[in-house]
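Examining the three-dimensional arrangement
One letter stands for each residue in the lines below.
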Amino acid sequence: MITTEQHIDPKLIPILETVSDPEIPVLSIMDMGVVRSALIENGIVKVQITPTYSGCPAMDVIGDDIKKALKDAGYKSEVELILSPAWTTDWITPRGRKALEDYGIAAPLGAEADKDVLLHGKRIVKCPQCGSTNTKMVSQFGSTACKAQFQCDDCLEPFDYFKCLK
């Protein structure tokens, strides 16, 4: 598991937790782990965010949503996009993983298991509907590039699997 230290003023956490990921609205940007730093300096909140992948189209929306949430809370803010270290699915919080599954998206597996699933067809992705691992990949790409489309052979429901990114 890859971890990096976050530097977030505790007063800002409840505000940032109100900002949703525009592609998966049940997740906050805090659940996704994209906020790397949020500190108050000379009366201005300076926020650093990392995209889930380079060129992620949601980052402009996320930046605007952060600024709006902070403005609504009485803060002036600046948002900076940082690319290093690169975001990893290890940064999704346990609460975020549960929210994904409750929403119908299978949470990412570890790197080796992910390769077994995506490259070798191993049946270990748990269906978020019924819990079965009798699932198969239908397409390498789901509703977004960071997801793959799966189907459960027990309940027959289709679902997205959030790919492991490291």
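An unreviewed UniProt entry lists the protein chain under the name Phenylacetate-CoA oxygenase subunit PaaJ, from Gelidibacter maritimus.

Quick look at the layout of surface pockets now. Each pocket or cavity is described by its volume, and for the largest pocket that value is around 170 Å³. With five residues, helix 3 (residues 59–72) is the single largest residue contributor to the lining of the largest pocket.

Attention now moves to the pattern of salt bridges. Applying the stated criterion to the full structure yields nine salt bridges. Between K98 and D102 there is a salt bridge, with the nearest N and O atoms lying 2.8 Å from each other. Of this pair, K98 and D102 both sit in helix 4 (residues 94–103), four residues apart, which is roughly one turn of the helix. For the salt bridge of D153 with K136, the shortest nitrogen-to-oxygen distance reads 3.4 Å. Highlighted residues: D153 in the loop between strand 7 (147–152) and strand 8 (158–162) and K136 in strand 6 (residues 135–139), separated in sequence by 17 residues. Accessibility expressed as a relative area gives 27% for D153, which makes it partly exposed. Assessed through its relative accessible area of 34%, K136 is described here as partly exposed.

Bringing the pairing of strand 8 into the picture now. Here strand 8 lies mainly inside the structure; four of its five residues are buried. Relative to strand 8, strand 5 (residues 105–106) is paired through two bridges, and the arrangement is parallel. If you follow A106 over to strand 8, its bridge partner there is Y161. Strand direction decides the pairing type here: strand 7 and strand 8, joined by five bridges, are antiparallel. By the bridge assignment for strand 8, A148 is matched with Y161.

Scanning all chains against the criterion turns up one cavity of 30 Å³ or more. Looking at the largest cavity, its volume works out to about 80 Å³. What lines the largest cavity is a set of 13 residues, and nearest its centre among them are D21, E23, M32, T52 and C56. For the lining of the largest cavity, the class distribution of residues is nine nonpolar, one polar and three charged. Two domains each put at least three residues into the lining of the largest cavity: domain 1 (7–89) and domain 2 (104–162).

A few words on the packing of aromatic side chains. In total, this model carries three aromatic pairs according to the counting rule given. Between F150 and Y161, the aromatic rings sit 5.6 Å apart at their centres with planes inclined by 70°, giving edge-to-face as the arrangement. Placement of F150 in strand 7 and of Y161 in strand 8 is noted, with a sequence separation of eleven residues between them. For the pair shown, F150 and Y161 are each scored as buried.

With that settled, the discussion passes to helix 4. Three or more residues of helix 4 are buried, namely G96, A99 and L100. The arc enclosing the buried residues of helix 4, seen along the axis, measures out at 105°, which places them on a common side. Those residues of helix 4 that are exposed and aimed more than 90 degrees away from the buried face are P94 and D102. The inward-facing, buried residues of helix 4 contact helix 2 (29–32), strand 5 and strand 8. Of the residues flanking the end of helix 4, it is G104, one or two places downstream, whose phi is positive at about 100°.

The rules behind these values
- Residues numbered from 1 in each chain as written.
- Predicted model: local features only at pLDDT ≥ 70, side-chain atom pairs only at ≥ 80, totals over all residues.
- Heavy atoms only, no water.
- 1 Å grid on protein atoms, 1.4 Å probe; cavity = no way out; pocket = protein on both sides within 12 Å on 5 of 7 lines; lining within 4 Å.
- Points joined across faces, edges and corners; volume = space filled by probe spheres on them.
- Helix = DSSP H or I, 4+ residues; strand = E, 2+ residues; numbered from the N terminus.
- Salt bridge = Lys/Arg side-chain N within 4 Å of Asp/Glu carboxyl O.
- Buried < 20%, exposed > 50% of the residue type's maximum accessible area, 1.4 Å probe, protein only.
- Pairing = 2+ DSSP bridges.
- Nonpolar A, V, L, I, M, F, W, Y, C, P; charged D, E, K, R; others polar.
- Domains from an automatic or database assignment.
- Phe/Tyr/Trp six-rings, centres within 6.5 Å; stacked < 30°, edge-to-face > 60°.
- Arc of directions from axis to C-beta.
- Contact = heavy atoms within 4.5 Å.

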